[in-house]
Amino acid sequence: MRLFTDPPRRSLPEPLLPMINVVFLLLIFFLLAATLAQPTPFEVTPPEAAGEGKTDPGALVLFANSKGEIAYGEARGDAAIAALGAAAQDARADCGDCADSLTLRADGKLPGDALAKLMPQLAGLGFTDLKLVVRGK
């Protein structure tokens with residue numbers, strides 16, 4: 001006669017550790033693979049235009065808001081023009097004529113006279129090609 005019986009065996013739960021490891025590896029992968037962009041100095045709503053085109057992400061970028069204020073990096077106003085000129089000289093020293101192009105991210109409500117006043121200053125810095133960023137219709 002047997003007084004003690006073996007307790008019934010419970011099935012082991014699915015191992016969750018490998019799945020947690022995969023989730024964390026995917027999280028790390030997406031964090032490292034993400035492209036981080038510099039924050040813009042102020043909010044700019046580009047003008048609308050028909051057609052399509054792409055900007056070079058490594059190009060020199062000048063910002064202009066609807067009030068006519070300009071910014072390059074942390075610099076504002078006349079300091080932005082000076083900083084842009086210094087950056088253009090450095091870029092020309094590295095790659096030559098590739099720094100003759102400037103990307104302008106201007107607000108759609110930027111007055112035309114403010115843009116017209118800006119053009120001779122940019123030409124004085126040696127920029128021969130200006131790319132205006134617009135959004136498609």
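The preceding data block contains the structure.
Reference entry: report on the structure contained in this document. (Residues numbered from 1 in each chain as written. Predicted model: local features only at pLDDT ≥ 70, side-chain atom pairs only at ≥ 80, totals over all residues. Heavy atoms only, no water.)

## Digging into the nonpolar core
- Core analysis: the largest hydrophobic core is formed by 18 residues, its most contacted members being Leu60, Leu62, Leu84 and Leu122.
- Those elements that place two or more of their residues in this core are strand E2 (60-64), strand E3 (70-72), helix H2 (78-95), strand E5 (101-106) and helix H3 (112-124).
- Among the elements that make up this core, the one with the highest residue count is H2 (five residues).
- Contacts of Leu62, omitting those with residues within four sequence positions, involve Ala71, Tyr72, Leu84, Leu102, Thr103, Leu104, Arg105, Leu118 and Leu122. (Core = buried A, V, L, I, M, F, W, Y, C linked by side-chain atoms within 4.5 Å. Buried < 20%, exposed > 50% of the residue type's maximum accessible area, 1.4 Å probe, protein only. Helix = DSSP H or I, 4+ residues; strand = E, 2+ residues; numbered from the N terminus. Contact = heavy atoms within 4.5 Å.)

## Remarks on the packing of aromatic side chains
- Enumeration over the complete set of coordinates arrives at one aromatic pair.
- With a centroid separation of 5.3 Å and an interplanar angle of 65°, the aromatic rings of Phe29 and Phe30 are classed as edge-to-face.
- Sitting over the ring of Phe127, Arg92 keeps its end group 5.4 Å from the ring centre. (Phe/Tyr/Trp six-rings, centres within 6.5 Å; stacked < 30°, edge-to-face > 60°. Lys NZ or Arg CZ within 6 Å of the ring centre and 35° of its normal.)

## So, the sheet that holds E3
- One open sheet holds the five strands; their spatial order is E4-E3-E2-E5-E6, and the pairing between them is mixed. Whereas interior strands pair on both sides, the edge strands pair on one side only; in this sheet they are strand E4 (75-76) and strand E6 (129-132).
- Bridging between E2 and E5 involves five bridges; their strand directions are parallel. Counterpart to Phe63 in the pairing with E5 is Arg105.
- Its contacts with the sheet put H2 on E2, E3, E4 and E5, and the angle it makes with E3 is roughly 35°.
- The sheet contacts of H3 involve E2, E3, E5 and E6, and relative to E5 the element is tilted by about 160°. (Pairing = 2+ DSSP bridges. Axes fitted to C-alpha atoms, helices over the stretch in contact; angles between N-to-C directions.)

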